Amino acid sequence: MRIIFMGTPEFAAPAIDSLIAAGHEIAAVFSQPDKPKGRGYAMTPPSVKVKALEHHIPVYQPTSMKDGEALKIFHEIQPDVGVVIAYGKILPKDILDAPQFGCINVHASLLPKYRGAAPIQWSVMDGESKTGVTTMQMDVGLDTGDMLMKCETAIDPDETAGELHDRLSEMGAELIVRTLDALQKGELKPQKQDDSLSCYAKMLTKELCAVDWSRSALEIHNQIRGLSPWPVATTILEGKKLKLHRSALSGMEVPEAKCGEIISLEPLTVKCGTGAIELLEIQAEGKKRMSAGDYLRGHKIDTGTILQSSEG
(Lines give C-alpha, C1' and ligand atoms only; values in the text may rest on other atoms or scores of the structure.)
Protein backbone atom coordinates (compact mmCIF):
# COMPACT_ATOMS: atom_id res chain seq x y z
CA MET A 1 0.00 0.00 0.00
CA ARG A 2 1.05 3.60 -0.58
CA ILE A 3 1.37 5.23 2.84
CA ILE A 4 1.86 8.65 4.36
CA PHE A 5 3.36 8.04 7.81
CA MET A 6 2.84 10.54 10.64
CA GLY A 7 4.84 10.14 13.84
CA THR A 8 7.49 11.80 15.97
CA PRO A 9 9.17 10.00 18.91
CA GLU A 10 11.22 6.84 19.26
CA PHE A 11 8.05 4.84 19.96
CA ALA A 12 6.89 5.28 16.34
CA ALA A 13 10.18 4.66 14.51
CA PRO A 14 10.23 0.81 14.43
CA ALA A 15 6.97 0.79 12.48
CA ILE A 16 8.74 2.40 9.50
CA ASP A 17 11.12 -0.56 9.27
CA SER A 18 8.27 -3.05 9.67
CA LEU A 19 6.08 -1.45 7.01
CA ILE A 20 8.92 -1.30 4.48
CA ALA A 21 9.93 -4.90 5.24
CA ALA A 22 6.31 -5.96 4.61
CA GLY A 23 6.47 -4.46 1.12
CA HIS A 24 4.56 -1.23 1.69
CA GLU A 25 5.63 2.05 0.14
CA ILE A 26 6.04 4.98 2.53
CA ALA A 27 5.75 7.89 0.14
CA ALA A 28 6.23 10.61 2.76
CA VAL A 29 6.69 11.14 6.47
CA PHE A 30 5.25 13.94 8.58
CA SER A 31 6.97 14.62 11.89
CA GLN A 32 7.18 17.39 14.48
CA PRO A 33 9.77 20.15 13.90
CA ASP A 34 13.32 19.71 15.18
CA LYS A 35 13.75 20.92 18.77
CA PRO A 36 16.70 22.27 20.79
CA LYS A 37 18.07 19.69 23.21
CA GLY A 38 20.93 19.23 25.64
CA ARG A 39 23.12 21.79 27.33
CA GLY A 40 24.06 23.41 24.04
CA TYR A 41 20.45 23.50 22.85
CA ALA A 42 21.47 22.03 19.51
CA MET A 43 18.57 21.57 17.10
CA THR A 44 17.79 17.85 17.19
CA PRO A 45 15.59 15.94 14.74
CA PRO A 46 12.89 13.61 16.09
CA SER A 47 13.50 9.86 15.92
CA VAL A 48 10.96 9.34 13.15
CA LYS A 49 12.68 11.89 10.92
CA VAL A 50 16.03 10.20 11.48
CA LYS A 51 14.54 6.81 10.58
CA ALA A 52 12.80 8.19 7.49
CA LEU A 53 15.99 9.77 6.20
CA GLU A 54 17.79 6.44 6.62
CA HIS A 55 15.30 5.07 4.10
CA HIS A 56 15.52 8.19 1.86
CA ILE A 57 11.88 9.05 2.46
CA PRO A 58 10.81 12.71 2.05
CA VAL A 59 10.08 14.33 5.43
CA TYR A 60 7.69 17.20 6.11
CA GLN A 61 7.68 19.06 9.44
CA PRO A 62 4.83 21.59 9.31
CA THR A 63 3.98 23.67 12.35
CA SER A 64 0.30 23.30 11.44
CA MET A 65 -1.80 20.67 9.70
CA LYS A 66 -4.69 23.08 9.27
CA ASP A 67 -3.37 25.73 6.86
CA GLY A 68 -3.99 23.74 3.68
CA GLU A 69 -0.32 23.05 2.89
CA ALA A 70 -0.34 19.53 4.34
CA LEU A 71 -3.59 18.74 2.56
CA LYS A 72 -2.02 19.84 -0.72
CA ILE A 73 0.81 17.33 -0.16
CA PHE A 74 -1.72 14.58 0.57
CA HIS A 75 -3.56 15.32 -2.68
CA GLU A 76 -0.29 15.26 -4.64
CA ILE A 77 0.84 11.93 -3.16
CA GLN A 78 -2.62 10.29 -3.16
CA PRO A 79 -1.88 7.72 -0.43
CA ASP A 80 -3.97 4.60 0.07
CA VAL A 81 -3.82 5.07 3.85
CA GLY A 82 -2.34 7.32 6.51
CA VAL A 83 -0.53 5.64 9.41
CA VAL A 84 -0.34 7.73 12.58
CA ILE A 85 1.76 6.79 15.61
CA ALA A 86 2.40 9.34 18.36
CA TYR A 87 2.51 12.25 15.93
CA GLY A 88 1.58 14.82 18.56
CA LYS A 89 -0.71 16.99 16.44
CA ILE A 90 -4.48 17.04 16.07
CA LEU A 91 -5.40 16.09 12.52
CA PRO A 92 -8.32 17.96 10.92
CA LYS A 93 -11.11 16.05 9.17
CA ASP A 94 -9.89 16.93 5.68
CA ILE A 95 -6.52 15.24 6.42
CA LEU A 96 -8.20 12.21 8.02
CA ASP A 97 -10.39 11.77 4.96
CA ALA A 98 -7.71 12.44 2.32
CA PRO A 99 -6.30 8.88 1.96
CA GLN A 100 -8.50 6.29 0.24
CA PHE A 101 -8.81 4.24 3.45
CA GLY A 102 -8.51 7.17 5.87
CA CYS A 103 -5.97 7.26 8.69
CA ILE A 104 -5.14 4.39 11.03
CA ASN A 105 -3.61 5.06 14.43
CA VAL A 106 -1.51 2.81 16.66
CA HIS A 107 -2.32 3.60 20.30
CA ALA A 108 -0.34 2.20 23.25
CA SER A 109 -3.24 0.90 25.34
CA LEU A 110 -6.16 -1.49 25.17
CA LEU A 111 -8.74 1.05 24.11
CA PRO A 112 -11.07 2.46 25.30
CA LYS A 113 -8.92 2.52 28.47
CA TYR A 114 -6.15 5.13 28.64
CA ARG A 115 -6.99 7.43 25.80
CA GLY A 116 -4.69 10.44 25.67
CA ALA A 117 -1.05 11.42 25.76
CA ALA A 118 0.63 9.10 28.30
CA PRO A 119 -1.12 5.71 28.30
CA ILE A 120 2.01 3.67 29.01
CA GLN A 121 3.04 5.63 32.10
CA TRP A 122 -0.45 5.81 33.58
CA SER A 123 -1.09 2.10 33.12
CA VAL A 124 2.05 1.46 35.19
CA MET A 125 1.29 4.13 37.81
CA ASP A 126 -2.23 2.76 38.20
CA GLY A 127 -0.85 -0.71 38.84
CA GLU A 128 -2.48 -2.36 35.83
CA SER A 129 -1.54 -6.01 35.30
CA LYS A 130 -1.97 -5.90 31.52
CA THR A 131 -1.95 -3.48 28.62
CA GLY A 132 -1.29 -3.64 24.90
CA VAL A 133 -1.64 -1.80 21.63
CA THR A 134 -4.73 -1.02 19.58
CA THR A 135 -5.06 -0.01 15.96
CA MET A 136 -7.93 2.39 15.38
CA GLN A 137 -9.67 4.08 12.46
CA MET A 138 -9.14 7.73 13.32
CA ASP A 139 -11.95 10.23 13.67
CA VAL A 140 -11.94 13.83 14.90
CA GLY A 141 -12.23 12.81 18.57
CA LEU A 142 -9.33 12.09 20.94
CA ASP A 143 -8.62 8.37 20.49
CA THR A 144 -12.35 7.70 20.00
CA GLY A 145 -12.35 6.02 16.57
CA ASP A 146 -13.45 2.48 15.83
CA MET A 147 -11.03 -0.21 17.05
CA LEU A 148 -9.53 -2.45 14.38
CA MET A 149 -7.09 -4.89 16.02
CA LYS A 150 -5.54 -5.42 19.46
CA CYS A 151 -2.49 -7.11 20.92
CA GLU A 152 -2.30 -7.70 24.68
CA THR A 153 0.63 -8.17 27.05
CA ALA A 154 1.15 -8.61 30.79
CA ILE A 155 2.90 -5.85 32.75
CA ASP A 156 5.58 -7.22 35.04
CA PRO A 157 5.14 -5.93 38.63
CA ASP A 158 8.66 -4.43 38.55
CA GLU A 159 8.65 -3.25 34.90
CA THR A 160 9.29 0.45 34.35
CA ALA A 161 7.37 2.60 31.90
CA GLY A 162 10.54 2.86 29.82
CA GLU A 163 10.87 -0.90 29.54
CA LEU A 164 7.18 -1.29 28.71
CA HIS A 165 7.47 1.53 26.14
CA ASP A 166 10.12 -0.42 24.23
CA ARG A 167 8.07 -3.61 24.20
CA LEU A 168 4.89 -1.87 23.09
CA SER A 169 6.78 -0.01 20.37
CA GLU A 170 7.77 -3.32 18.77
CA MET A 171 4.28 -4.75 19.28
CA GLY A 172 2.77 -1.70 17.61
CA ALA A 173 5.11 -2.07 14.63
CA GLU A 174 3.94 -5.66 14.17
CA LEU A 175 0.26 -4.83 14.70
CA ILE A 176 0.10 -2.08 12.07
CA VAL A 177 1.49 -4.53 9.48
CA ARG A 178 -1.15 -7.10 10.44
CA THR A 179 -3.84 -4.41 10.33
CA LEU A 180 -2.89 -3.26 6.83
CA ASP A 181 -2.75 -6.88 5.67
CA ALA A 182 -6.30 -7.41 6.94
CA LEU A 183 -7.37 -4.11 5.34
CA GLN A 184 -6.07 -5.22 1.95
CA LYS A 185 -7.90 -8.54 2.27
CA GLY A 186 -11.14 -6.86 3.35
CA GLU A 187 -11.04 -8.74 6.67
CA LEU A 188 -11.13 -5.84 9.15
CA LYS A 189 -14.12 -5.72 11.48
CA PRO A 190 -14.22 -2.27 13.12
CA GLN A 191 -15.67 -2.14 16.64
CA LYS A 192 -17.18 0.92 18.30
CA GLN A 193 -15.57 1.97 21.57
CA ASP A 194 -17.65 1.87 24.73
CA ASP A 195 -17.17 5.39 26.07
CA SER A 196 -18.34 4.30 29.53
CA LEU A 197 -15.17 2.19 29.86
CA SER A 198 -12.78 4.97 28.87
CA CYS A 199 -10.31 6.85 31.03
CA TYR A 200 -7.92 9.64 30.13
CA ALA A 201 -4.13 9.40 30.41
CA LYS A 202 -3.14 13.04 30.84
CA MET A 203 0.27 14.42 29.94
CA LEU A 204 3.07 13.91 32.43
CA THR A 205 4.34 16.90 34.37
CA LYS A 206 7.00 17.35 37.04
CA GLU A 207 4.21 18.02 39.54
CA LEU A 208 3.65 14.23 39.57
CA CYS A 209 7.20 13.50 40.73
CA ALA A 210 7.22 14.19 44.48
CA VAL A 211 6.77 10.99 46.49
CA ASP A 212 4.27 11.15 49.37
CA TRP A 213 5.66 8.64 51.86
CA SER A 214 2.30 8.36 53.63
CA ARG A 215 1.01 6.39 50.64
CA SER A 216 1.32 2.61 50.50
CA ALA A 217 4.53 0.94 49.39
CA LEU A 218 2.74 -0.47 46.33
CA GLU A 219 1.45 2.96 45.26
CA ILE A 220 4.92 4.49 45.62
CA HIS A 221 6.58 1.60 43.78
CA ASN A 222 4.13 2.07 40.90
CA GLN A 223 4.80 5.82 40.89
CA ILE A 224 8.56 5.29 40.70
CA ARG A 225 8.43 2.77 37.86
CA GLY A 226 5.70 4.68 36.02
CA LEU A 227 7.79 7.88 35.98
CA SER A 228 10.99 6.14 34.88
CA PRO A 229 12.84 7.23 32.76
CA TRP A 230 11.00 10.59 32.67
CA PRO A 231 10.14 12.78 34.53
CA VAL A 232 11.37 10.58 37.44
CA ALA A 233 9.96 10.33 40.96
CA THR A 234 11.73 12.46 43.58
CA THR A 235 12.19 12.84 47.31
CA ILE A 236 14.19 15.20 49.53
CA LEU A 237 17.21 13.86 51.41
CA GLU A 238 18.88 16.27 53.82
CA GLY A 239 17.52 19.28 51.95
CA LYS A 240 18.49 18.12 48.47
CA LYS A 241 16.43 16.50 45.74
CA LEU A 242 17.02 12.80 45.15
CA LYS A 243 15.68 11.13 42.01
CA LEU A 244 14.29 7.62 42.40
CA HIS A 245 14.77 5.53 39.25
CA ARG A 246 14.09 1.97 40.37
CA SER A 247 12.54 0.30 43.41
CA ALA A 248 11.19 -2.96 44.76
CA LEU A 249 8.64 -3.86 47.38
CA SER A 250 10.35 -4.87 50.62
CA GLY A 251 9.68 -8.23 52.17
CA MET A 252 11.18 -7.29 55.54
CA GLU A 253 9.13 -7.01 58.70
CA VAL A 254 8.50 -3.28 59.06
CA PRO A 255 9.38 -1.83 62.47
CA GLU A 256 7.60 1.08 64.12
CA ALA A 257 8.82 4.13 62.24
CA LYS A 258 7.71 7.36 60.63
CA CYS A 259 6.61 7.55 57.02
CA GLY A 260 9.70 8.27 54.90
CA GLU A 261 12.10 6.96 57.54
CA ILE A 262 15.08 4.92 56.37
CA ILE A 263 14.78 1.65 58.27
CA SER A 264 17.61 -0.31 56.65
CA LEU A 265 20.75 0.40 54.61
CA GLU A 266 21.29 -3.11 53.23
CA PRO A 267 19.27 -2.77 51.09
CA LEU A 268 18.24 0.92 51.31
CA THR A 269 14.71 0.57 52.65
CA VAL A 270 12.13 3.25 53.47
CA LYS A 271 9.00 3.01 55.59
CA CYS A 272 5.78 3.93 53.75
CA GLY A 273 2.22 4.50 54.92
CA THR A 274 1.78 0.75 54.74
CA GLY A 275 4.72 -1.52 54.08
CA ALA A 276 8.19 -0.50 52.99
CA ILE A 277 10.06 -0.04 49.74
CA GLU A 278 13.62 -0.74 48.65
CA LEU A 279 15.32 1.98 46.63
CA LEU A 280 17.53 0.25 44.05
CA GLU A 281 18.70 3.03 41.71
CA ILE A 282 18.88 6.69 42.70
CA GLN A 283 20.44 9.95 41.54
CA ALA A 284 21.62 12.87 43.64
CA GLU A 285 21.42 16.43 42.33
CA GLY A 286 24.10 17.05 39.70
CA LYS A 287 25.29 13.43 39.85
CA LYS A 288 24.88 10.33 37.69
CA ARG A 289 22.27 7.65 38.21
CA MET A 290 23.72 4.79 40.28
CA SER A 291 22.79 1.84 42.43
CA ALA A 292 21.76 2.66 45.99
CA GLY A 293 24.69 0.56 47.22
CA ASP A 294 27.19 2.65 45.27
CA TYR A 295 25.56 5.86 46.51
CA LEU A 296 25.79 4.76 50.15
CA ARG A 297 29.48 3.92 49.76
CA GLY A 298 30.14 7.59 49.00
CA HIS A 299 27.54 9.20 51.30
CA LYS A 300 27.11 8.58 55.00
CA ILE A 301 23.44 8.12 55.84
CA ASP A 302 22.10 6.67 59.08
CA THR A 303 19.00 4.63 59.67
CA GLY A 304 16.37 6.91 61.16
CA THR A 305 17.00 9.60 58.51
CA ILE A 306 13.69 10.94 57.19
CA LEU A 307 13.06 11.43 53.49
CA GLN A 308 10.79 14.41 52.90
CA SER A 309 8.03 14.58 50.32
CA SER A 310 8.95 18.12 49.28
CA GLU A 311 11.39 20.89 50.07
CA GLY A 312 10.71 23.23 52.97
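For the structure itself, consult the block above.
This one's a predicted model, so the numbers in the text were calculated from it and none came from an experiment. (Residues numbered from 1 in each chain as written. Predicted model: local features only at pLDDT ≥ 70, side-chain atom pairs only at ≥ 80, totals over all residues. Heavy atoms only, no water.)

Peer 1: Kindly report on the sheet that holds strand E10 (residues 147-154), identifying the contributing residues and their values.
Peer 2: Strand order in this open sheet of 7 strands is E5-E2-E1-E6-E7-E9-E10, and the pairing throughout is mixed. This sheet does not close on itself; its edge strands, each paired only once, are strand E5 (59-60) and E10. As judged from the 2 bridges shared by strand E2 (residues 25-30) and E5, these two strands associate in the parallel manner. Directly across from Phe30, in E5, lies its bridge partner Tyr60. Together, strand E1 (2-7), strand E6 (81-85), strand E7 (103-107), strand E9 (130-137) and E10 form the strand contacts of helix H6 (residues 161-184), whose direction differs from that of E10 by roughly 150 degrees. (Pairing = 2+ DSSP bridges. Helix = DSSP H or I, 4+ residues; strand = E, 2+ residues; numbered from the N terminus. Contact = heavy atoms within 4.5 Å. Axes fitted to C-alpha atoms, helices over the stretch in contact; angles between N-to-C directions.)

Peer 1: Describe the environment of Ser214, naming the residues involved and giving the relevant values.
Peer 2: Tracing the chain through its elements places Ser214 in the loop between strand E11 (200-201) and helix H7 (217-226). Residues Ser214 and Lys271, spaced 57 residues apart in sequence, show a C-alpha to C-alpha distance of 8.8 Å. Excluding anything up to four places from it in sequence, Ser214 contacts Cys259 and Gly273. A polar atom in the side chain of Ser214 sits 2.7 Å from the side chain of Asp212. (Polar contact = N/O pair within 3.5 Å; in protein donor to acceptor, adjacent residues only side chain to side chain.)

Peer 1: Tell me about the pairing of strand E12 (residues 233-237), residues and numbers included.
Peer 2: The side chains of a regular strand alternate between the sheet's two faces. By the criterion of burial, E12 is predominantly enclosed, with 5 of the 5 residues buried. Burial along E12 is two-sided: Ala233, Thr235 and Leu237 facing one way and Thr234 and Ile236 facing the other are all buried. Turn length for the E12-strand E13 (residues 240-249) hairpin, with the two strands adjacent in sequence and antiparallel, is 2 residues, and the turn residue Glu238 shows positive phi of about 50 degrees. (Buried < 20%, exposed > 50% of the residue type's maximum accessible area, 1.4 Å probe, protein only.)

Peer 1: Can you lay out the packing of aromatic side chains for me, pointing to particular residues and giving the numbers?
Peer 2: Considering all chains together, one arrives at 2 aromatic pairs under this definition. Seen from their ring centres, Phe30 and Phe74 are 5.5 Å apart, and the 45 degrees between their planes marks the pair as tilted. One end of the pair, Phe30, is in strand E2; the other, Phe74, is in helix H3 (residues 69-77), with 44 residues separating them in the sequence. In this structure Phe30 comes out as buried when scored by relative accessible area, which is 0%. Judged by relative accessible area, Phe74 falls into the buried class, the value being 2%. Here a set of aromatic residues connected by ring pairs shows up, and it is made of Phe30, Tyr60 and Phe74. (Phe/Tyr/Trp six-rings, centres within 6.5 Å; stacked < 30°, edge-to-face > 60°.)

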